[in-house]
Amino acid sequence: MAGFSDIIGHRQIIEHLQRAIDSDKVSHAYIFNGPERSGKMMLAEAFSMALQCEARGSTPCMECHSCRQALSKNQPDIIYLQHEKPGTISVDDIRRQVNNDIGIKPYHSPHKIYIIDEAEKMNQQAQNALLKTIEEPPAYGVILLLTTNADAFLPTILSRCITLNLKAVPDAEIKAYLMQRLEVPDYKADVCTAFAQGNVGKALQLAGNESFNELKLMALQLVKRIHGLELYEMMDTVHQISDYKLTIHDFFDLLMIWYRDVLLFKATADVNCLIFKDEVYDIKKSASKSSYDGIETILKALEKAKQRLNANVNFELVIELLLLAMKEN
């Protein structure tokens, strides 16, 4: 758990939450909507700490009894909803942990706060049960819904909550944090930042993940050697991805960064604008052999492959079509 000052980016959301505390106009229900690892939990926890802080400011003091309890996740009036079934938050989960509990006054805090992570997993019955509490909450009740997909909520839920959409954090802020606070080298910070696409949590995960470095090497070996490989050899390379903790989508993103670098160098001949600066020799070689149309075709094939996998098209077929497009262009 961290305070507002430890959060990278999301200044507008932080200022909104702090104004609500300062003006004593805190809503009974908020939706934090954004991709995985984008900072939803950090924002919700910092907001919760500030609301319960004994210093009564808009920023948690991090030193009072309540803040210390919150930092160790033992603050009795900050409640994290638990759900036993991994894919669903059931009506029983909501009734037992929220509806039947919220009527009991806070132990020693001004608010009783419920943090519901992965809230998009609430089924319709669970949402309807929660709606009754959101419609008529006690004055001290605050419900924080954290989700990757606010569209999964009933319109009646959306209309009674303040929705805060997390936007991508600027690359410069993420890179500066990786280099200054985590001492990540320049070339690695560039790759992690570009790969994360504005998602701070993803950038941090990648910076400290040796599997990511191995996956990057595997992706680069594939693009450098692709014209001399047989299809079965390319398929074997892709199947090795299952040995890593990252996903096929991460592998696709690495390929996309490479081909964007090739396209950018072909258009500008500027080494400084590359993400894979340490691969400039092979990028130059690839750019000289590739046409603009060919590179664009590969980038479109990568996007198409992502869409096909999301639509549950046969994995082998998707990969074969992508690799053939890469080999031919």
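Structure's up top.
To keep things clear, this report deals only with the structure shown in the data block. These numbers were taken from a predicted model, which means no experiment stands behind them.

### As for a nonpolar patch on the surface
Thinking step 1. On the surface, Val-313, Leu-317 and Leu-321 cluster together to form a nonpolar patch covering roughly 220 Å² of accessible area.
Thinking step 2. Counting through the fold element by element, Val-313 comes out in the loop between α14 (292–310) and α15 (315–328).

### Focus: the packing of helix α1 (residues 11–22) against helix α2 (residues 40–52)
Thinking step 1. Here α1 crosses α2 at 20 degrees, and the two axes come no closer than 11 Å. As judged from the angle between their axes, α1 and α2 are roughly parallel. The crossing of α1 and α2 is right-handed. From α1, Ile-13, Ile-14, Leu-17 and Ile-21 reach across to α2, where they touch Leu-43, Phe-47, Ala-50 and Leu-51.

### So, the sheet that holds strand β3 (residues 112–116)
What holds strands together in a sheet is hydrogen bonding between their backbones, with the strands either parallel or antiparallel.
Thinking step 1. Taken together, five strands build an open sheet; the order of strands is β2-β3-β4-β1-β5 and the sheet is parallel. Across the chains shown, the open sheet's two edge strands, defined by having one partner strand only, are β2 (78–80) and β5 (162–165). The sheet shows a mean angle of 20 degrees between the axes of neighbouring strands, taken without regard to direction.
Thinking step 2. Direction of pairing for β2 relative to β3: parallel, over a ladder of three bridges. Counted as the bridge partner of Ile-78 is Ile-113 from β3.
Thinking step 3. Against the sheet, α2 engages β1 (29–33), β2, β3 and β4 (141–147), with an angle of about 175 degrees to β3.
Thinking step 4. In the packing of helix α4 (residues 91–99) onto the sheet, contacts are made with β2, β3 and β4, and the angle to β3 comes to roughly 155 degrees.

### Focus on the packing of aromatic side chains
Thinking step 1. What the rule picks out here adds up to two aromatic pairs.
Thinking step 2. Between Tyr-30 and Phe-47, the ring centres sit 5.2 Å apart and the planes meet at 80 degrees, which makes this aromatic pair edge-to-face. Residue Tyr-30 is located in strand β1, and its partner Phe-47 is located in helix α2; the two are separated by 17 residues in the primary sequence.
Thinking step 3. Residue classification places Tyr-30 among the buried residues on the basis of a relative accessible area of 0%.
Thinking step 4. Plain terms: the ring middles of Trp-258 and Phe-276 are 6.3 Å apart, the flat faces sit at 45 degrees to each other, and that makes the pair tilted. One end of the pair, Trp-258, is in helix α12 (residues 248–268); the other, Phe-276, is in the loop between α12 and α13 (280–289), with 18 residues separating them in the sequence. Note on accessibility: Trp-258 and Phe-276 belong to one class, buried.

### Re unusual backbone geometry
Thinking step 1. We note that His-10 has phi near 55 degrees; this positive angle belongs to a residue other than glycine.
Thinking step 2. Phi is positive for Ala-269, which is not a glycine, with a value near 60 degrees.
Thinking step 3. The residue Ala-269 is located in the loop between α12 and α13 in this model.

### Examining the environment of Ser-48
Thinking step 1. Its location among the elements puts Ser-48 in helix α2.
Thinking step 2. Distance in space between the C-alpha atoms of Ser-48 and Ile-113 is 6.9 Å, their sequence separation being 65 residues.
Thinking step 3. Those residues in contact with Ser-48 that lie beyond four places of it in its chain are Ile-78, Ile-113, Ile-115 and Leu-144.
Thinking step 4. Of the polar contacts made by the side chain of Ser-48, one reaches the backbone oxygen of Ala-44; its length is 2.8 Å.

Calculation criteria
Residues numbered from 1 in each chain as written. Predicted model: local features only at pLDDT ≥ 70, side-chain atom pairs only at ≥ 80, totals over all residues. Heavy atoms only, no water. Patch = residues over 30% accessible without salt bridge, like charges linked within 9 Å, V, L, I, M, F, W, Y side chains within 5 Å. Areas by Shrake-Rupley, 256 points an atom, 1.4 Å probe, with all protein chains shown as cover. Salt bridge = Lys/Arg side-chain N within 4 Å of Asp/Glu carboxyl O. Helix = DSSP H or I, 4+ residues; strand = E, 2+ residues; numbered from the N terminus. Axes fitted to C-alpha atoms, helices over the stretch in contact; angles between N-to-C directions. Parallel < 35°, antiparallel > 145°, perpendicular 65-115°, else oblique. Left-handed = near helix turned anticlockwise from the far one by under 90°. Contact = heavy atoms within 4.5 Å. Pairing = 2+ DSSP bridges. Phe/Tyr/Trp six-rings, centres within 6.5 Å; stacked < 30°, edge-to-face > 60°. Buried < 20%, exposed > 50% of the residue type's maximum accessible area, 1.4 Å probe, protein only. Polar contact = N/O pair within 3.5 Å; in protein donor to acceptor, adjacent residues only side chain to side chain.

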